[in-house]
Amino acid sequence: MACTNCSSGTTENGIPKGCGNKGTCATGSCNKLTVFDWLANMSLPTGAKPFDIVEVRFKNGRKDFFKITDGNTLQMGDVVAVEASPGHDIGIVSLSGELVKVQLKKKNIDYHQVTLPKIYRKANQKDLDIWTAARGKEEPVRMKAREIAIQLHLEMKISDVEFQGDGTKATFYYTASDRVDFRQLIKEYAREFGVRIEMKQVGFRQEASRLGGIGSCGRELCCSTWLTDFRSVNTSAARYQQLSLNPQKLAGQCGKLKCCLNYELDTYLDALKDMPGMDTKIATEKGDAICQKIDIFKGILWFAYKDDFANWHALEQDVVKELLAQNKAGKKVSAVEDYKIEQEGNPQKDFTNAMGQESITRFDAPKNPKNRNQNKNRNRNKKPHNAPVSKPNHPKNKRD
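Quick caveat: nothing in here was measured; it's all calculated off a predicted structure.

## Let's talk about the overall build of the protein
Piece 1. The helix and strand inventory of the protein stands at 11 helices and 12 strands.
Piece 2. In the protein, which comprises 400 residues, the share counted as buried stands at 33%.
Piece 3. Across the protein, the fraction of contacts at a sequence separation of at least 24, relative to all contacts at a separation of at least 6, is 59%.
Piece 4. As presented, the protein carries roughly 27,800 Å² of accessible surface, and 49% of it is formed by carbon and sulfur atoms.

## Looking at the pattern of salt bridges
Piece 1. Evaluation of the coordinates by the stated rule reveals 22 salt bridges.
Piece 2. For lysine 101, the salt bridge identified is with glutamate 98, shortest N-O distance 3.3 Å.
Piece 3. A relative accessible area of 33% places lysine 101 in the partly exposed class.
Piece 4. With a shortest N-O distance of 2.6 Å, glutamate 139 and arginine 142 are connected by a salt bridge. Note that glutamate 139 and arginine 142 are positioned in helix H3 (residues 138–151) at a spacing of three residues, about one turn of the helix.
Piece 5. By relative accessible area, glutamate 139 is classed as partly exposed at 42%.
Piece 6. Classification of arginine 142 by relative accessible area gives buried; the value is 14%.
Piece 7. If you follow the salt bridges from partner to partner, you end up with Lys59, Arg62, Asp89, Arg135, Glu138, Asp160, Glu162 and Arg210 in one network.

## Focus: the sheet that holds strand S7 (residues 169–175)
Piece 1. Ordered by their spatial adjacency, three strands build an open sheet running S6-S7-S8, and the pairing between neighbours is mixed. This sheet does not close on itself; its edge strands, each paired only once, are strand S6 (157–163) and strand S8 (196–201). If you compare each strand with its neighbour and ignore which way they point, the axes differ by 25 degrees on average.
Piece 2. With six bridges connecting them, S6 and S7 associate as antiparallel partners. Counted as the bridge partner of phenylalanine 163 is alanine 170 from S7.

## Observations concerning the nonpolar core
Piece 1. Membership of the largest hydrophobic core comes to 21 residues, with the highest contact counts inside it found for Met156, Ile158, Phe172, Leu185, Tyr189 and Met199.
Piece 2. Broken down by secondary-structure element, the contributors of at least two residues to this core are H3, S6, S7, helix H4 (183–193) and S8.
Piece 3. Per element, the largest residue contribution to this core is four residues, and it comes from H3.
Piece 4. Not counting residues up to four positions away in its chain, the partners in contact with isoleucine 158 are Arg142, Ala145, Arg146, Phe172, Tyr173, Tyr174, Tyr189 and Met199.
Piece 5. Counting residues in hydrophobic clusters, the runner-up holds 17 residues, among them Cys291, Leu315, Val319 and Val320.

## Overview of the side chain of lysine 258
Piece 1. Mapping lysine 258 onto the fold places it in the loop between helix H8 (247–250) and helix H9 (265–272).
Piece 2. The buried charged residue lysine 258 lacks any salt bridge, with glutamate 264 as its nearest oppositely charged partner at 13 Å.
Piece 3. Ignoring sequence-local partners within four residues, the contact set of lysine 258 consists of Ser216, Val233, Lys249, Leu250, Ala251 and Gly252.

So, how was this worked out
- Here, residues in each chain are numbered from 1, in the same order as that chain's written sequence.
- Whole-chain, interface and lining totals are the exception, using all residues; otherwise, since this is a predicted model, local features are given only for residues with pLDDT of at least 70 and side-chain atom pairs are given and counted only at 80 or more.
- Side-chain metrics in this entry use all non-hydrogen atoms of the structure; hydrogen atoms and water are not considered.
- The secondary structure listing takes helices from DSSP runs of H or I that are at least 4 residues long and strands from runs of E that are at least 2 residues long, numbered from the N terminus.
- Only protein chains enter the accessibility calculation, which uses a 1.4 Å probe. A residue is then buried if its area is under 20% of the maximum for its type, exposed if over 50%, and partly exposed in between.
- By definition, residues are in contact when any of their heavy atoms lie within 4.5 Å.
- Accessible surface area values rest on a Shrake-Rupley calculation with a 1.4 Å probe, where residue burial reflects the displayed protein chains alone.
- We define a salt bridge as a contact between a side-chain nitrogen of Lys or Arg and a carboxyl oxygen of Asp or Glu at a distance within 4 Å.
- Pairing between two strands requires that DSSP report at least two bridges joining them.
- For helices, the axis comes from a line fit to the C-alpha atoms of the stretch in contact; other axes are also lines fit to C-alpha atoms, and the angle between any two N-to-C directions lies between 0 and 180 degrees.
- In this description, a nonpolar core means a group of buried Ala, Val, Leu, Ile, Met, Phe, Trp, Tyr and Cys residues linked to one another through side-chain atoms lying within 4.5 Å.
- A positive count includes Lys and Arg, and a negative count includes Asp and Glu. His and the chain ends are not counted in either.

The structure is reproduced here in structure tokens:
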């Protein structure tokens, strides 16, 4: 949700309350890849100094670690000017204190050995004005950049543009299936926009993470809100969960398989350990019965004979194991239908009109032809309004 569409309530004047950043969110979305500081209300031990490294967030969830050099204490939400190459960049402190050590360890960064970039100062009003003006140019620059790439016949897509906080450099994020020679493209961009150009290729999942959106579940994309590591997803995850292998339903907005296919995969694998597989065959006197479907929630397996795949027979999980044990001992089962689950008949549902309304097709019924003929006769006998009324005693009405 952008700052203009904040859903945190409105003031008396109808202005969104927001998070207090006054439109300088820098992420394009509220609470995007944020970390809750559960140590914020705890004081440091006596004599301990605050950790001098903070995490700074930039546009679309891009984060980096910076070292405090002036000795000041920074809090979450402070807008700071940090070291960049070249010039400086503007970002928002997303995490400070002891939790930064946890994030550094998670990302395998040894802050004792690695020289981290520095924080120059807290951003002043001039820095914010330059930063806001640079952010306002990103959308028209992106549209113009796409037009130039099309004119040069390059098989690439410019998905996003990010200006540095001082407005001296612009990073163009693009996606491409093959290798792209963009040497001429950089020259055109530098001549058109007059800034330092940097091209950065991202994957399709990273592109969806940067741009964000709403998934088929109705929520914001996981990759743009909290998911940071993109694990490989293959079609076997859908097979284990017995989902329809429909690319339109299994693919996300990035065009790849949805990351949420891996969420419940471990639960399905644990449940399938105690159940016979899809390749299970039961030797019977009528022939081999092959497994057609498995329901891990109910513990039921469906079997059908080779010469009669249309008729399925539902067997419980424990019964199938007993039959397989008999086959293993060299005995054939009489028939699988002798062990099938007796399914209760579907109860007849009598739907009544609870609202007491008439049928919506009442206007479609033809009218009674008798009533129609009566109406015609009535219309014939009626006289027009302008017709003269005859009087019985009038001399013109008398016969000669």
